[in-house]
Amino acid sequence: MDHLACFTPGDLASASAPDLSNFRWRLLAQGDSWFSTAAAKLNAHANLLQEMVFKQPVCAINCAGSGEALSHMVDLESAPDFVRLLSSDDAPTWDGVLLSVGGNDLIAAAQTPAHTADGQDVPLHLRLLRRQTEWGPPSAGVARYFSEPGWATYSDYLRTNVRHLLTLRDQGPSAGKPVFMHCYAVPMPRPAGAEDAGLGASGPWLYPALKACALPAADWAAVSRLMVFHLALLLKSMAADKEQFPGLHVFDSTAVPLAPATPGSSGSSGDWHNEIHLNHSGCFKIARAWSENIEDVLNGVKHVEPSNGRRKG
């Protein structure tokens, strides 16, 4: 098995550029902190790309880079290297595109407060969590804390941005090539932020948002699961819609067994480095399963959905 060989757009343009013809498959990658190559991130919680392995030599040009990568899907337009390498007439022809997107947008939506700084109400369609006076009946379970109008807004936003990305793909030499996205794992809301300022937003991320809405601590894990599974179902429904999202392949990371973090812990716990980032063991588990899924698609292997609806791998 060969580890995925990762290069940067700068490597590709240098005098000693790698010979991509030596690789069986050539991929273009872009994404959030799960793909970032910042030294602080790699030393702390790894990324999915460095843990991917294939039966044949595979390379990726990773545009996520050493900065903060994509904070939001809409920031794709501010990623000039990725847009150029994907859609320009003289771009390489890629065998596929790897994406890690949507998670930061979900966290941001969950962090949206019920009131603005000047005390004005934020309407439900612009946030994912309800304040205490808006909770539904207890019979609804943890769904009573969740804003369905806000989820509809988020869903429309994500669908629009993914369609735009597929349009960019189809403008260049890689038109119609597969685009690979992953779902996210379910984090445990806890007071575990990033220790290093180089990691960007210091966090924690969900923990203060749930506290601000007065959600009972006993329900935090279930609320986190509800949001992540909503995102997984949304991404998988998009991949199933071949007319609106041609060539989109989504790997269900929620089906990969991970060791959860201990509630209330503030450091690395289970397969998690902090509240929302996996450590090396967590990245290893998801990346290995995703690698197999990607290689099967590139080799034309057809998957049969198991009876429980979860994707093989």
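What counts, and at which threshold
- Residue indices begin from 1 for each chain and proceed along its sequence in written order.
- Where local features are concerned, this predicted model is filtered to residues with pLDDT of at least 70; where side-chain atom pairs are given and counted, the filter is 80 or more; whole-chain, interface and lining totals use all residues.
- Each side-chain value is worked out from all heavy atoms of the structure, with water and hydrogens disregarded.
- Here, a salt bridge means any side-chain nitrogen of Lys or Arg that lies within 4 Å of a carboxyl oxygen of Asp or Glu.
- To qualify as a helix, a DSSP run of H or I must reach at least 4 residues; to qualify as a strand, a run of E must reach at least 2; elements of each kind are numbered from the N terminus.
- Residue burial is assigned from relative accessible area. The probe radius is 1.4 Å, only protein chains are included, and a residue is buried under 20% of its type maximum, exposed over 50%, and partly exposed in between.
- A pair of strands is considered paired only if DSSP assigns at least 2 bridges between the two.
- In this analysis an axis means a line fitted to C-alpha atoms, helices contributing only their contacting stretch, and an angle means the value between N-to-C directions, from 0 to 180 degrees.
- By definition in these notes, contact holds between two residues if any of their heavy atoms fall within 4.5 Å.

Novice: Could you give an account of the pattern of salt bridges, with specific residues and numbers?
Specialist: One pass over the full model with this rule turns up eight salt bridges. The residue Arg 131 makes a salt bridge to Asp 121 at a minimum N-O spacing of 3.7 Å. Of this pair, Arg 131 sits in the loop between helix 4 (103-111) and helix 5 (148-171) while Asp 121 sits in the loop between helix 4 and helix 5, and the two are 10 residues apart along the sequence. One salt bridge connects Arg 127 with Glu 134, and the closest N-O pair in it is separated by 2.8 Å. Judged by its relative accessible area of 18%, Glu 134 is buried. When salt bridges that share partners are traced, they join Asp 121, Arg 127, Arg 131 and Glu 134 into one network.

Novice: I'd like to hear about the sheet that holds strand 2 (residues 5-7), residue by residue, with values.
Specialist: One key point about sheets: their strands pair by backbone hydrogen bonds, in either a parallel or an antiparallel sense. Pairing is parallel in the open sheet, where six strands are placed in the order 2-5-3-6-7-8. What marks the edges here is a single partner per strand, and that holds for strand 2 and strand 8 (248-251). Between one strand axis and the next, the sheet turns through 25° on average, direction left out of account. Note: strand 3 (residues 25-31) against strand 6 (residues 96-100), five bridges, orientation parallel. Looking at strand 6, one finds that Gly 31 is bridged to Ser 100. Lying over the sheet, helix 8 (residues 280-298) contacts strand 3, strand 6, strand 7 (179-182) and strand 8, oriented at roughly 155° with respect to strand 7.

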